[in-house]
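These are the residues of each chain, in order.
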Amino acid sequence: MRIFTRYILREVIGYAALGGVLFTFILFMRYLLPLLELAVRGVAGPGDILLLIGYLLPNFLTLTIPMAVLIGILLGLSRLAADSEITAMRASGLGVMSFIRIVGLLAVVMWGLGLANSLWLAPRAARALLQYEEQAKTSQATVEVQARVFYEDFKNYVLYVQEVQPGANGTALWKHVFLADLTKPSQPRIISAERTYVLSSDAQTLHLQMEDGSRHDLSRDDPNRYDISTFNTADLPVQVGQQGEDSHLSRRDTPLQATPTSELWTLMHRPGDSRSYRIELHRRFSFPAACLVLMLVGVPLGLSSKRGGKGTGFVVTLLLVFLYYFASSMGIAMARQGKVSAGVGVWGANVLFALAGGVLIQQMSRSALSLGLLSQLGSTIAGIFSKKQKTPASELRTNTLSNQWTQRLRRALHVRFPLILDEYVMGNFVRNFILVLLSLTVLFLIFTFFELIGDIIKYRTPLVTVGEYLMNLIPFILYNVTPVCSLVAVLITFGTLNRTSELTAMKATGTSLYRMVTPVLLIATLISAALFAFDEFYLPDANRKQEALLSTIKGKPAQTFLRPDRKWMSGQSGGSTQPTRIFYYQFFGPDTNVFANLTVFEFEPGTFRLTRRIFATSTRWDENEHTWIFENGWQRSFGDDSVSDYQTFAHATFPEIRERPSYFKKEDRQSQQMSFTELRTYIHDLSQSGFDTMRLRVQLNRKLAYPLVTLVMALIAIPFSLQAGKRGSIAGMSAAVGLAIAYWVIAGITENLGNVNSLPAVLAAWSPDILFACAGGYLLLRTPT
């Protein structure tokens, strides 16, 4: 009995650990880029990042520990059942209850760990996360400034610099500086300087030591009064207003989750509305108990899986995870709305699954035929992806004709590809690729649905809208998981061929390893090209639709991509002899082409000295005259640090202002909502207007680099699959998860380095591909052929 216990537990624990890591990483992916951005920007050091990861993980483990128990039981027992080891064990006298007692050891241990995490560790981690965010608000201010870009990250200030020279120890030199004080947005105070030295300070403050500059003040009571003052040196402290937001990783319910369990017990007995405290306390006990409940369901289902093997186990795991957390989320939502009590709402899913598990165990003990449905499911899955499917005679004749034409074409072109072995390897790879792609897509849809279930119930979103959103989300998921699917499919394909000695048989025919992997690399290349075409022609439109539907589900008002609230824009470049212009307005109607409170600043070319300022309460575009009509305003010209000319007007035109209405109609679109061609045009358009395009340029290069990750992942997976095949499938899948995590971490670091201009955009996007391609090529060359 001890031998059986150790053997079964070793199989189940291996899959449980792998599933726990996979599920936790999927939940953690949404926080990965923000954390790496904190590290790259210098807001948090490596030690702080590790602490933040430690603060976030306990909340994820509350959900993933029961899921790990379920997938470990189903995959472990399904593998034993598929290899007829369960049949042998039962023939030796091991009954259903014996399997439950053995697997129950793991479930009880995980239940204890889940309770410790939910009752003690997770609240402490949530409190520590909130405390870290409070401390981050007083961290040292930092800012990355690029030339000819407007920055609004300063409190009450807008900055525009024509030339930036970075220095050491957080210092920098800015030349030709334009700074607008927006304490009074209708009448901004303008400060310009020839040079500015930047010194960082604490408490989110930057000290600007400005030289050879001037201040322009307009009286609010008397528009005819205009003050100009010059200075040789001036010290101006400014606050970085966005700093605290960068480290915001907590959610709305984090303060409740941070409440100690003993304090929750006290709060729920106080007079008043204590429903939220009761729900939270019950939740801390119910989720760990899911380890025991899901074990009762998983054991009979795993034992009855005879033909589908691990494929069936994974599919059933996804189905059970969806059903359990859907029922749990619905119950909690109903409890929050007061339709059921806190205990009934939170524990309802556990009770339902415990009853279902009891029924399945009873049927399994009686050898009931109803459990044969799972075997039928396994047979169906195995039949779909089996390489030995029966083909009708008509299809055989068609395939024979097709093969004849293919052979004639090969002889005519003197090409010996694909051969029978090539077709065999490609067929295995394609089947595994499709299976993994479908499984990961379903898994991401399930997690997405869990995240939205609260909003769906709160805003009473029709299920038709939810279904339409998920359908439009599928292309985005397919685009993002395809490289990982290529990695896993290669590991499974060559791992299986190596474990069954088929690779050895192929080598015995005189075929080298490089020739064997060529078909797979060719298909991976075709998938990469298809991925780029998919992103170029279909994905942007689907992303726009799913973003709009997501706003509806979350109860947000209808949005438009146009951004008429961009208040600062630089004018078109007119050459070295034309003045530089900056436009400032309080409103722009893109449909009517009308500005409200428009100010135009003109600067002398070369020196960036303010030479003219135009203001109008209303400015409209005249389509017949092709010019702007300024109404109810004034203009001032400056010379020798004084007002040289001042004029008021009811109507005026300035033909030298050549910017047309389309110039001001910039769209605020995410890179994923544009094709490569659209994004390249969009970046060029924004760059002329003085907007920061560094992030977009990184994404532009990633649109070329990311599809090739499919080929890179296939290349690096081949040597790992040959080694993992000797150690079993768990080693292969563990290698897949490890490689995927390593790639996303490195890609996130380089992307954030590019976003803050620490790496060129091309290098930021292509570094992960180059690094992993070199590693894969090196390992492949060292592999015996």
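Here, the structure is the one placed above.
Account for the overall build of the protein chain, with residues named and values stated.
Across its full length, the protein chain carries 23 helices and 13 strands. Within the protein chain, buried positions represent 49% of all 785 residues. Pairs at least 24 residues apart make up 69% of the contacts formed inside the protein chain by residues separated by at least 6 positions. Total accessible area on the protein chain stands at roughly 37200 Å², and carbon and sulfur atoms take up 59% of it.

Now, about a nonpolar patch on the surface: what can you tell me, with residues and values included?
A cluster of nonpolar residues, Val430, Ile434 and Leu438, forms a patch on the protein surface that exposes about 230 Å² of accessible area. Owing to a relative accessible area of 32%, valine 430 belongs among the partly exposed residues under this scheme.

Which residues make up the packing of aromatic side chains, and what values go with them?
Inspection of every chain in the model, using the stated rule, returns 33 aromatic pairs. Ring centres of phenylalanine 630 and phenylalanine 654 lie 5.0 Å apart, and the angle between their planes is 90°; this geometry places the pair in the edge-to-face category. Placement of the pair is phenylalanine 630 in strand 12 (residues 627-639) and phenylalanine 654 in the loop between strand 13 (642-653) and helix 18 (661-664), with a sequence separation of 24 residues. In this structure phenylalanine 654 comes out as buried when scored by relative accessible area, which is 6%. Each ring, one from tyrosine 706 and one from tryptophan 744, has its centre 6.3 Å from the other, and the planes form 40°; the classification is tilted. Taken together, the positions of tyrosine 706 in the loop between helix 20 (694-705) and helix 21 (709-724) and tryptophan 744 in helix 22 (residues 729-755) put the pair 38 residues apart, joining distant regions of the chain.

Can you break down the side chain of serine 528 residue by residue, with the values?
Tracing the backbone shows serine 528 in helix 16 (residues 513-537). Excluding anything up to four places from it in sequence, serine 528 contacts Pro707, Leu708, Thr710 and Leu711.

Just give me the short version of unusual backbone geometry, but keep the residues and values in it.
Backbone phi values are negative for most residues with the exception of glycine, while trans is the configuration of most peptide bonds. With a phi close to 60°, asparagine 593 is a non-glycine residue in the positive phi region. Counting through the fold element by element, asparagine 593 comes out in the loop between strand 9 (587-589) and strand 10 (594-603). With a phi close to 55°, histidine 626 is a non-glycine residue in the positive phi region. If you trace the backbone, histidine 626 turns up in the loop between strand 11 (610-622) and strand 12.

Could you give me a rundown of helix 16, with the residues and numbers involved?
Relative to the 36 Å expected for 25 residues at 1.5 Å per residue, helix 16 spans 37 Å between its end C-alpha atoms, a close match to the ideal helical length. By the largest-angle criterion, proline 519 marks the main kink of helix 16, which is about 30°.

An account of the pairing of strand 12 is requested, with residue identities and associated values reported.
With eleven of its 13 residues buried, strand 12 lies for the most part within the structure. Pairing analysis gives ten bridges linking strand 11 to strand 12, with the strands arranged antiparallel. Residue pairing for strand 12: arginine 612 is matched across the bridge by serine 637. Between strand 11 and the antiparallel strand that follows it, strand 12, lie four residues; histidine 626 among them carries a positive phi value of about 55°. As consecutive antiparallel partners, strand 12 and strand 13 are separated by two residues, and within that stretch aspartate 640 has a phi angle of approximately 55°, a positive value.

Help me get a handle on helix 23 (residues 761-782), residues and values and all.
Along an α-helix, a turn takes 3.6 residues, which lines up residues three or four apart on a common side. For helix 23, built from 22 residues, the straight-helix expectation of 32 Å at 1.5 Å per residue is met to within 8% by its first-to-last C-alpha distance of 33 Å. Taken as a whole, helix 23 carries its principal kink of about 45° at serine 767; the proline proline 768 stands between one and four residues after it. Within helix 23, burial applies to Ala761, Ala764, Ala765, Ser767, Pro768, Asp769, Phe772, Gly776 and Leu780.

An account of the packing of helix 2 (residues 46-82) against helix 8 (residues 275-303) is requested, with residue identities and associated values reported.
Where helix 2 meets helix 8, the closest approach of the two axes is 8 Å, and the angle between their N-to-C directions is 10°. Comparing their axes, helix 8 and helix 2 come out roughly parallel. Here Thr62, Leu63, Ile65, Pro66, Val69, Leu70, Ile73, Leu74, Leu77, Ser78 and Ala81 of helix 2 lie close against helix 8, whose contacting residues are Arg283, Phe287, Ala290, Cys291, Leu294, Met295, Gly298, Val299, Leu301, Gly302 and Leu303. Looking at the contact of helix 2 with helix 8 residue by residue, the classes come out as 17 nonpolar, four polar and one charged.

Calculation criteria
Residues numbered from 1 in each chain as written. Predicted model: local features only at pLDDT ≥ 70, side-chain atom pairs only at ≥ 80, totals over all residues. Heavy atoms only, no water. Helix = DSSP H or I, 4+ residues; strand = E, 2+ residues; numbered from the N terminus. Buried < 20%, exposed > 50% of the residue type's maximum accessible area, 1.4 Å probe, protein only. Contact = heavy atoms within 4.5 Å. Areas by Shrake-Rupley, 256 points an atom, 1.4 Å probe, with all protein chains shown as cover. Patch = residues over 30% accessible without salt bridge, like charges linked within 9 Å, V, L, I, M, F, W, Y side chains within 5 Å. Salt bridge = Lys/Arg side-chain N within 4 Å of Asp/Glu carboxyl O. Phe/Tyr/Trp six-rings, centres within 6.5 Å; stacked < 30°, edge-to-face > 60°. Expected span 1.5 Å × (residues − 1). Bend = angle between axes of the 7 residues up to and from the residue. Pairing = 2+ DSSP bridges. Axes fitted to C-alpha atoms, helices over the stretch in contact; angles between N-to-C directions. Parallel < 35°, antiparallel > 145°, perpendicular 65-115°, else oblique. Nonpolar A, V, L, I, M, F, W, Y, C, P; charged D, E, K, R; others polar.

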